[in-house]
Amino acid sequence: MKEDLYKKAIAVLDANFQDGGFTIPSAGLYPFQWKWDSGFIAIGFAHYDVEKAKTEMRTLLDAQWKNGFIPHIVFHTENDSYFPGADFHQSELHPLSSKKYRSTGMTQPPVTGFVLQEMHRIADDKKDMLNFIKEEIDKVYANHEYFYKNRDPQDEGLVYIYHNWESGTDNSPVWDDIWKTMNPPEYDFVRKDTTHVDASQRPSKREYDHYLHIIDIAKQNNYNDAKIAELSPFLVQDPLFNAMLIKSNQALIDLYIQIGGNEERIKNIIKWQSKSIKSFNDKLFDADLGAYVHYDLRNEKPIRHITSSSFSPLFANIPSPERADVLVNTMMDKFGGEDKYLCASFDPTNDRFNPRKYWRGPVWINMNWMLFLGLKNYGFTDVAARMKQDSIELIEKYGFYEYFDCRKDTGDENPTGYGGNNFSWSAALFIDMVNTD
Ligand code: GLC
């Protein structure tokens, strides 16, 4: 059974790999290259087709802008089955955007650093992989430099996101707090996502008005970072995004040391890193909740909800061992009941929890993968084993879906996975988890 599933995972990835040298997240729903998806996908490929893994990363990094920015979607093809597409985003408004690829003018979590390190860990031929990394690593460094220069207006070592789509956790109930501070115009547009997936599993029309309005403000300012920092109604320090940056910083340090030379760069990253970790712990930890939370930088207040992102600092070695204990207790207490699969994306005890809707409750395999590695890091062997086991069981039961109900008993006659099927990162990270004890 497991062997069949492994073959199926490979088949999903191979089928989603495109001629242009990139992999779509899922046919129909997501027809382009997404930044953090690409990183997770490369980790999957690295286990059985190193060249594809390299191609995936090369293509993504090739879409980098001259200021170091890496966009969240690269529109490799004309495809009108997705909204909002290239014509809406108009990345060409930014003077330093890529001339080769059209893209969005927003980014996604900074996975590329730790992905290169994972590829190196997985590769049989380390020398060959290190040569590949030598070729690409300065682009990742430039990307981090972009973040620290442009996304940290108070010089805290914590970078902001200016759109919920930058977070990767697009429809989290955390953003409801921001929507309450806004009143965008009603947009006239045709959704495409709900032609592929049941509307009950996707965001509402009114939520989309907010999403489009923030992009409009950025476009009116030609995606200028300083203007966005000044004007965007959405400006948030996200624990998941910053944890990934910190994890990737560490990967860059380790890889540069292996490569040799690069003292200046290493020194800079170490400086960013120590400031980031300190501010992260000082500012984003909520002792009453026993978890890390988001911070609303526009309105200068924490957003006090527990999400699966709240535990992601484990992945980047951010909490002290004592604080890691607190985190895992919170997780097991609220998310870890025997009637549930780990790990819901949003606090199951909160009124805003919805087990079927996108990031408002369902389990996501990329989050589970990160938490699995984080728990292992800190020696929570049993919880880590359960995280892995639950992930595998969900995939065995339902297939390689985009997200899953965390309840073991959904009350449905024919329970199913949700969102896109044959979803690339679910397949890729299944491959990696099966190969990791
Ligand atoms: C959804 C997810 C986002 C992901 C994208 C492509 O929008 O919220 O995190 O990158 O799909 O899979």
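What counts, and where the lines are drawn
- Residues numbered from 1 in each chain as written.
- Predicted model: local features only at pLDDT ≥ 70, side-chain atom pairs only at ≥ 80, totals over all residues.
- Heavy atoms only, no water.
- Helix = DSSP H or I, 4+ residues; strand = E, 2+ residues; numbered from the N terminus.
- Rg over C-alpha atoms; globule rule 2.2 N^0.38 Å.
- Buried < 20%, exposed > 50% of the residue type's maximum accessible area, 1.4 Å probe, protein only.
- Contact = heavy atoms within 4.5 Å.
- Areas by Shrake-Rupley, 256 points an atom, 1.4 Å probe, with all protein chains shown as cover.
- Near = heavy atom within 4 Å.
- Polar contact = N/O pair within 3.5 Å; in protein donor to acceptor, adjacent residues only side chain to side chain.
- Nonpolar A, V, L, I, M, F, W, Y, C, P; charged D, E, K, R; others polar.
- Axes fitted to C-alpha atoms, helices over the stretch in contact; angles between N-to-C directions.
- Parallel < 35°, antiparallel > 145°, perpendicular 65-115°, else oblique.
- Left-handed = near helix turned anticlockwise from the far one by under 90°.
- Pairing = 2+ DSSP bridges.

## Brief notes about the overall build of the protein chain
Tallying secondary structure elements over the protein chain gives 17 helices and 8 strands in all. Relative to a compact globule of 437 residues, whose C-alpha radius of gyration would be 22 Å, the protein chain shows 20 Å and is just as compact. If one aligns the C-alpha atoms of the protein chain with their principal axes, the spans along those axes are about 55 × 55 × 45 Å. In the protein chain, buried positions account for 64% of the 437 residues. Contacts in the protein chain between residues at least 24 apart in sequence constitute 72% of all its contacts with a sequence separation of at least 6. As displayed, the protein chain has an accessible area near 16,100 Å², and 47% of this comes from carbon and sulfur atoms.

## What about the site of the ligand?
Neighbouring the ligand are 13 residues, the closest being Asp37, Gly168, Asp170, Tyr358 and Trp359. The side chain of Asp37 places a nitrogen or oxygen atom 2.6 Å from an oxygen atom of the ligand. Gln108 places a polar side-chain atom, nitrogen or oxygen, 2.9 Å from an oxygen atom of the ligand. Protein burial of the ligand: of its 310 Å² of free accessible surface, 98% is covered by the chains. Residue classes in the shell around the ligand are distributed as 8 nonpolar, 2 polar and 3 charged.

## Side note on the packing of helix H14 (residues 321–335) against helix H16 (residues 381–398)
For any two helices packed against each other, one specifies the crossing angle of their axes together with the interaxial distance. Contact pair H14 / H16: the axes reach a minimum separation of 12 Å and the direction vectors enclose 45°. In this view, H14 runs oblique relative to H16, as classed from their interaxial angle. Crossing of H14 against H16: the hand is left-handed. Contact residues: Val328, Met331 and Met332 in H14; Val383, Arg386 and Met387 in H16. Here the residues of the contact of H14 with H16 sort into 5 nonpolar, no polar and 1 charged.

## Thoughts on the sheet that holds strand E7 (residues 294–296)
The antiparallel open sheet is built from 3 strands, whose spatial order is E4-E7-E8. At either end of the open sheet lies a strand with only one pairing partner, and these are strand E4 (236–237) and strand E8 (301–303).

## So, the packing of helix H3 (residues 50–62) against helix H6 (residues 126–150)
At a minimum axis distance of 11 Å, the contact between H3 and H6 shows a crossing angle of 15°. Classified by the interaxial angle, the pair formed by H3 and H6 is roughly parallel. Taken as a pair, H3 and H6 cross one another with a handedness that is left-handed. In this structure, H3 contributes Val50, Lys54, Met57, Arg58 and Leu61 to the contact, and H6 contributes Asp128, Met129, Phe132, Glu135, Glu136, Lys139 and Val140. Classifying every residue of the contact of H3 with H6 gives 6 nonpolar, no polar and 6 charged.

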